[in-house]
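Chain by chain, the residues:
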There are 2 protein chains.
Amino acid sequence: MTLPKNKSRRVTLDDVATRARVSAVTASRVLRKPEMVSADLRARVDSAVRELAYVPNQLASALASSHTGRIGVIVPSLTNGVFGDYLRALHDVFIPAGFQVLVLNSHYLPGREEKAIATMLGQFPEAIILAGIGQTTQARKSLQQAGVPVVQTMEMTDDPIDINVGLSQVGAGYAAARHLFDLDHIHVGQISAPHDSRSRKRVEGYMQAVGEFNAVPMVISADQPSSVPLGGQMLIELMSRWPKVTAVFCGNDNLALGALFECQRRRIRVPDDLSIIGFNDLEVSACAYPSISSIATPRYEMAQRAAEIILEIIRGTGTRPKQRQIDLGFRLIARDSTGRAG
Amino acid sequence: MTLPKNKSRRVTLDDVATRARVSAVTASRVLRKPEMVSADLRARVDSAVRELAYVPNQLASALASSHTGRIGVIVPSLTNGVFGDYLRALHDVFIPAGFQVLVLNSHYLPGREEKAIATMLGQFPEAIILAGIGQTTQARKSLQQAGVPVVQTMEMTDDPIDINVGLSQVGAGYAAARHLFDLDHIHVGQISAPHDSRSRKRVEGYMQAVGEFNAVPMVISADQPSSVPLGGQMLIELMSRWPKVTAVFCGNDNLALGALFECQRRRIRVPDDLSIIGFNDLEVSACAYPSISSIATPRYEMAQRAAEIILEIIRGTGTRPKQRQIDLGFRLIARDSTGRAG
DNA sequence: TTGTATGATGATTGCGCTGTCAATTGTTCC
DNA sequence: GGAACAATTGACAGCGCAATCATCATACAA
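Everything quoted here is computed from the prediction, not taken from an experiment. (Residues numbered from 1 in each chain as written. Chains lettered and ligands numbered in written order. Predicted model: local features only at pLDDT ≥ 70, side-chain atom pairs only at ≥ 80, totals over all residues. Heavy atoms only, no water.)

Some thoughts on the protein's contact with DNA strand C
And step 1. With respect to spatial proximity, 22 residues lie near DNA strand C, and among them T26 of chain A together with L13, S28, R32 and Y54 of chain B are the closest.
And step 2. Across the atoms of DNA strand C situated within 4 Å of the protein, the share located in sugar and phosphate is 67%.
And step 3. Within the side chain of S23 of chain A, an N or O atom sits 3.0 Å from a phosphate oxygen of DNA strand C.
And step 4. Those elements that place two or more of their residues in the surface near DNA strand C are α2 (24–32) and α4 (58–65) of chain A together with α2 (24–32) and α4 (58–65) of chain B.
And step 5. Take the surface near DNA strand C: its biggest share by element is four residues, from α4 of chain B.
And step 6. Taken together, the residues that form the surface near DNA strand C break down as 12 nonpolar, eight polar and two charged. (Near = heavy atom within 4 Å. Polar contact = N/O pair within 3.5 Å; in protein donor to acceptor, adjacent residues only side chain to side chain. Helix = DSSP H or I, 4+ residues; strand = E, 2+ residues; numbered from the N terminus. Nonpolar A, V, L, I, M, F, W, Y, C, P; charged D, E, K, R; others polar.)

Shown next, in the form of structure tokens:
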């Protein structure tokens, strides 16, 4: 009988080849380019694969071909709803194209991101997709040296490592604040968890609007990760510090949700007493009561676009697209949580 | 000068060795077991590594040592808050121990899970952690054949593939329903998204309680992924079909949140008109208004325990713990959304 | 019949690293 | 002074697979 020589060992291509009475090369070809092999041998190899329950060793395959079929993705958070759509888009494009998507988490910390990038590069991904533009100098260097396509997403930069697909966080923050000023609010506050560097950009946008409308900046921020309860806490702080506030721009929808609950708890009517706008337009915002105004960001499209660009580069032997900076914009979604002042 | 022979090529261990004027083996040792190398050579190698910005090729390393340092994790959803704590615990244990955590998403579909398991096994993880016990026969076979520790989590089974750390979903579902009956509710409804097999187990628990209290089962389920808005929709359906309902057990906290919003929208007072209990005790439940009663599941502890068991097996040359089934239980968290009937 | 083109199959080599064992050096003890 | 030993270091083979080129059989044209 043709059994694996060593029982305790994993089944290798050689075992399959031996069993099918062909050479290892032919067995390999049946798996990768079946059309190059005659029907007879192909059937023999196929059944040997099935009988032995052969699983190709991707490590060896990747080492020999220097082609890993892996796409590296680094996001600052897995649980943040924002990255659900984002990762879904990446899967939707890459999996059918025969690539694996490898996700690492940077926890909103540049240091962790640098480590994650190093780890990722050790896996030899064929491209890397990053959330944000704030990589460390060291990380930028490693990425450039790696010689694979790199796409920075979620925000815009004038100096991309390679490709940049995003939106203006400052502009989006400005739009959110502007929406409140346009509703004649004068005392417009801002709460955010500045762990997230994009959140800080949105505050910049808010400051721009504040300047433009000659308003007084009222900003509360907390040195901890964003969460729903934090939104409530910061709202209290904001209102006790600036009791005249009639509208608040929350750095993201979770904070907005927490703020809304706190209003309900304190019998603050939304939007009559206080207008609330969030950011990112998560699913929950539309069905909250009252529904929460927000800024919708093109998360799915952004990741999709990034993925498509990468596929084009990989398949097109490395030719970069003409446009290396792509701004996908954002949309203001006015709902019931924001109303006219007075 | 000792530069890499080929400029367009990645830096290899040989390049480092040449530059440091040592053998490749020594260079390798400096990186893996520095205490075995003299201080002099160690310094030379270290600086060569730095100067050449050498990144070890994990592929080659893993192939040669048959030790990948990877832990495979398969979860049904990344965006579900439940798996935030879970993944955090895994990282907290494995990263300091020098392992990488590889996460794949099964989207609550056994077929996708089977594929994810196959993909994972091709990466040669040193252990696999699964959420749930409902793997396909094929998947079970592959896992057993792989010969690595496998831990099934989140629920209990009498027939674990290898190790099982979880809690009784039926029991927890019973406890949730029981809580409502104990508050003298007679018409107790249940809404859930049965995509999630654990959710179905909780319905079983609900049915047990219904039987015990001679109540009429009132179950609504939707054939789509769970979400906050879905909770609202199913609540409407439940109440229009059984208008007498005064309490509802929601399959998870997101559904409960959606149900709560719908009540606010329709001026149904919670808990006066309707009691609501969720499941999983996500962060948002405690800060909602009113705060939502729930069943707290030991997600962090469960993953932590699983990780520790795995480390012990890997380090202890494969000895399994005496106890292969570990029930970590659950806790009923009664909050303001559930009140006495009448 | 011979020569050539075509397609199918196999032998060999090497991807970059680590396990193993041999070789070398220095050290200690009697 | 030499044996016995420990501490370093290096040579070599091989992990499992794929790229490359060589070989072989077949078909067809001249």
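Alright, that's what it looks like, and here's the rest.
Some points on the domain arrangement of chain A
And step 1. Annotation of chain A at the domain level lists domain 1 (13–56), domain 2 (68–167 + 299–328) and domain 3 (169–296).
And step 2. For domain 1 of chain A versus domain 3 of chain A, the separation of C-alpha centres amounts to 62 Å. (Domains from an automatic or database assignment.)

A short note on the pattern of salt bridges
Residues and elements named next belong to chain A.
And step 1. Counted by the stated rule, this structure contains 34 salt bridges over all chains.
And step 2. Between R178 and D182 there is a salt bridge; the shortest N-O distance is 3.0 Å. Highlighted residues: R178 and D182, both in helix α8 (residues 169–182), separated by four residues, approximately one helical turn.
And step 3. On the accessibility criterion, R178 (29% relative accessible area) is partly exposed.
And step 4. Since its relative accessible area comes to 39%, D182 is described here as partly exposed.
And step 5. For the salt bridge of R340 with D184, the shortest nitrogen-to-oxygen distance reads 2.8 Å. Remark: D184 occurs in the loop between α8 and β6 (188–192) and R340 occurs in the segment after β12 (331–333); sequence separation between them is 156 residues.
And step 6. When its relative accessible area of 53% is taken as the criterion, R340 is described as exposed. (Salt bridge = Lys/Arg side-chain N within 4 Å of Asp/Glu carboxyl O. Buried < 20%, exposed > 50% of the residue type's maximum accessible area, 1.4 Å probe, protein only.)

Quick word on the nonpolar core
And step 1. The biggest cluster of nonpolar side chains holds 156 residues, and the ones touching the most others in it are Y86 of chain A together with Y86 of chain B.
And step 2. Ignoring any residue separated from it by four or fewer positions in sequence, one finds Y86 of chain B in contact with V73, V75, I129, L130, A131, T153, M154, R299 and A303 of chain B.
And step 3. Counting 30 residues, the second-largest nonpolar core is a separate cluster that includes A146 of chain A together with L102, I117 and I161 of chain B. (Core = buried A, V, L, I, M, F, W, Y, C linked by side-chain atoms within 4.5 Å. Contact = heavy atoms within 4.5 Å.)

Details of the confidence of the model for chain A
And step 1. In this model, chain A carries an average pLDDT of 93, and 97% of its residues clear a pLDDT of 70 or more.
And step 2. Segment residues 1–7 of chain A: pLDDT under 50, and nine contacts once partners within four positions in sequence are set aside and those in other chains are kept. (pLDDT = per-residue confidence, 0-100.)

A few points about unusual backbone geometry
And step 1. Between V270 of chain A and P271 of chain A the backbone carries a cis peptide bond, its omega angle lying at 10°.
And step 2. Here P271 of chain A lies in the loop between α11 (253–265) and β9 (275–277).
And step 3. In this structure, P290 of chain B follows Y289 of chain B across a cis peptide bond, with omega equal to -10°.
And step 4. The residue P290 of chain B is located in the loop between α12 (283–287) and β10 (294–296) in this model.
And step 5. Of note in this structure, S66 of chain A is not a glycine but carries a positive phi near 45°.
And step 6. With respect to the secondary-structure elements, S66 of chain A resides in the loop between α4 and β1 (70–75).
And step 7. On the basis of relative accessibility, which here comes to 68%, the residue S66 of chain A falls in the exposed class.
And step 8. One non-glycine residue, D184 of chain B, lies in the positive phi region at around 70°.
And step 9. Since its relative accessible area comes to 45%, D184 of chain B is described here as partly exposed.

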